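Examining the three-dimensional arrangement
As a plain string of letters, each chain reads:
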Amino acid sequence: MINRIDWEGTPAYEMENDQLIVRICPALGSNVYSIWDKRLGREILRAPSGPQELADAPVQYGTPILMPPNRIRGARFTFEGREYQFDVTNSHGHHVHGMLRNQAWTVTATGHREDTTYITCVLRLAEDENVQRQYPHALELELTCELKGGVLRHFLRAVNRGDVTAPFGYGLHTWFRLDGEPENWKLQLPSSGIWRLDGTKVPTGEIIPLGEVYTPLLRGDTLDGYDMDTVFQIGDYPRLAVLCRKGVELRYSASDAFKQWVVFTKGEACDFICLEPYTWVTNAPNITGQPAEVTGLRGIAPGEELTLEVRLEVVHT
């Protein structure tokens, strides 16, 4: 079932079945801000205490939508001969985590069909002046979240209603709880290498081997002692990260357009870990020496439609 709820004065929606309760706030960035596991009686995500906390720090809780994801060096880039200037949002002079932090999306459909509950929201970028002065493209974004059993599917459909090709990078910044017990959690993350970063967390353009630190993640390793703000190139591996502990396995996967994972532990792993699927790597438009099939750099042509999927499956073991 799906219900519209009053979240301390802010409208939100709650999808529920016999396994999960999923809450999404279209009014604050269409953030899936809570996933409650009914069987284990625990919150899966780093959930905000209320809508004000989410509004004040929109990329710190739940499932923030990033477009473009992560950093743009100097808050600027060139695409197809056009210059783009974004707002500088960090102390190093970069733009960080995109323009879709807490915009209000419009709910266009909710419902239940067979054993699936869903909600669809739309955001038209041409109607947002703040977006247009940085990114003057008429993209229409349609987000659908579907809950079926222990599976939550996140679909994004992006359509270019404008007359020029729009550069497009997309990602999610999903905060998973570790409950202060990193030694009890294991992460398996298939990847072909990591991007070397400079001192401001921007890729230099070089991909290096996983090395002794990260190779154990290929087969799965406990998170105790890991301190990550790391960009992983997926390569030819499946787009699947598995986070597990006794009693539960969280299987987080993405469609083929996603080329990278960013993993962020906010210091040494303790309370949280972010698993972030990205279609393009941090600062992709400014990276030279790597082909687009590696960086994920792409555009959406006029009239073109791009569909992306991210899937979270909660498996009780």
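Scroll up a little and you will see the structure.
Bear in mind that the values here come from a model prediction, so they are computed numbers and not experimental data. (Residues numbered from 1 in each chain as written. Predicted model: local features only at pLDDT ≥ 70, side-chain atom pairs only at ≥ 80, totals over all residues. Heavy atoms only, no water.)

**Some words on the overall build of the protein chain**
For clarity, the threshold we go by: Where helices and strands are cited, they refer to DSSP runs of H or I of at least four residues and of E of at least two residues respectively, numbered from the N terminus. C-alpha atoms define the radius of gyration, and 2.2 Å times the number of residues to the power 0.38 defines the globule rule. Exposure categories follow from relative accessible area, calculated using a 1.4 Å probe and restricted to protein chains: below 20% of the type maximum is buried, above 50% is exposed, and the middle band is partly exposed. Residue contacts are counted whenever heavy atoms from the two residues lie within 4.5 Å of one another. Note on areas: these come from Shrake-Rupley sampling with a 1.4 Å probe, and a residue is covered only by the protein chains present in the view.
Summing up its helical and strand segments, the protein chain has four helices and 28 strands in all. Expected size for 317 residues packed as a compact globule is a radius of gyration near 20 Å; at 19 Å, the protein chain falls within 12% of this value. With the C-alpha coordinates of the protein chain rotated into their principal frame, the extents come out at 55 × 50 × 35 Å. The proportion of buried residues among the 317 residues of the protein chain is 56%. Counting only contacts in the protein chain whose residues sit at least 6 apart along the sequence, the fraction spanning at least 24 positions is 63%. For the protein chain, the accessible area works out to roughly 12,800 Å², and carbon and sulfur atoms hold 45% of it.

**Focus on the pattern of salt bridges**
Here is the rule we go by: The term salt bridge refers to a pairing of a side-chain nitrogen on Lys or Arg with a carboxyl oxygen on Asp or Glu at a separation within 4 Å.
Scanning the model with the defined rule gives 20 salt bridges in all. Among the ionic pairs, Asp179 bridges to Arg245, the shortest N-O distance being 3.9 Å. A residue pair is termed long-range when its members are at least 10 positions apart, and Asp179 in the loop between β17 (174-177) and β18 (186-188) and Arg245 in strand β23 (residues 240-245) qualify at 66 residues. A residue is classified by how much of its surface remains accessible, and Asp179, at 26% relative accessible area, is partly exposed.

**Let's talk about the sheet that holds strand β21 (residues 221-222)**
Rules: When DSSP finds two or more bridges between a pair of strands, those strands are recorded as paired.
Spatially, the nine strands line up as an open sheet ordered β11-β12-β13-β14-β28-β24-β23-β18-β21, and their pairing is antiparallel. In this open sheet, the two edge strands, each paired with only one partner strand, are β11 (106-113) and β21. Here strand β13 (residues 139-148) pairs with strand β14 (residues 151-160) via 10 bridges, running antiparallel. Within β14, the position partnered with Lys148 by the bridge is Val151.

**Observations concerning the packing of aromatic side chains**
Spelled out, the test is: Each pair of aromatic rings taken from Phe, Tyr and Trp, with Trp reduced to its six-membered ring, is defined by centres within 6.5 Å and is described as stacked if the planes are under 30 degrees apart, edge-to-face if over 60, and tilted in the remaining cases.
The full count for this structure, using the stated rule, is 11 aromatic pairs. With 6.1 Å between their ring centres and 85 degrees between their planes, Trp175 and Phe272 make a pair best called edge-to-face. Here Trp175 is found in strand β17, whereas its partner Phe272 is found in strand β26 (residues 272-278), with 97 residues between them in sequence. Each member of the pair, Trp175 as well as Phe272, carries the same accessibility label: buried.

**Digging into the side chain of Asn70**
Condition: Identification of polar contacts relies on pairs of N or O atoms within 3.5 Å, with a donor-acceptor requirement for protein atoms, meaning one able to donate a hydrogen and the other able to accept it, and with residues adjacent in sequence counted only if both atoms are side-chain atoms.
Tracing the sequence through the fold places Asn70 in the loop between β6 (65-66) and β7 (71-72). Classification of Asn70 by relative accessible area gives buried; the value is 4%. Separated by 2.8 Å, the side chains of Asn70 and Arg71 make a polar contact. Once residues within four sequence positions are removed from consideration, Asn70 is found in contact with His95, Val96, His97, Val262, Tyr278 and Thr282.

**A short note on the sheet that holds strand β5 (residues 42-43)**
What the five strands build is an open sheet, ordered β1-β2-β3-β4-β5; its pairing is antiparallel. Every other strand in the sheet has two partners, leaving β1 (2-7) and β5 as the edge strands with one partner each.

**A word on the nonpolar core**
Rules: Working definition of a nonpolar core: buried Ala, Val, Leu, Ile, Met, Phe, Trp, Tyr and Cys residues. They are joined through side-chain atoms within 4.5 Å.
Judged by nonpolar contacts, the single largest core of 83 residues is most densely connected at Tyr135 and Phe168. Counting seven residues, the second largest nonpolar core, distinct from the first, contains Trp7, Cys25, Leu28 and Leu54.

**Here we look at unusual backbone geometry**
What is expected of a backbone is that most residues other than glycine have negative phi and most peptide bonds are trans. The peptide bond linking Met67 to Pro68 adopts the cis configuration, its omega dihedral lying at -5 degrees. Mapped onto the fold, Pro68 is located in the loop between β6 and β7. Phi at His97 takes a positive value of approximately 70 degrees, unusual for a residue other than glycine. A relative accessible area of 10% means that His97 is categorised as buried. A positive phi angle, close to 65 degrees, is found at Asn283, a residue other than glycine. Mapped onto the elements of the fold, Asn283 is located in the loop between β26 and α4 (292-295). Here Asn283 falls in the buried class, since its relative accessible area comes to 2%.

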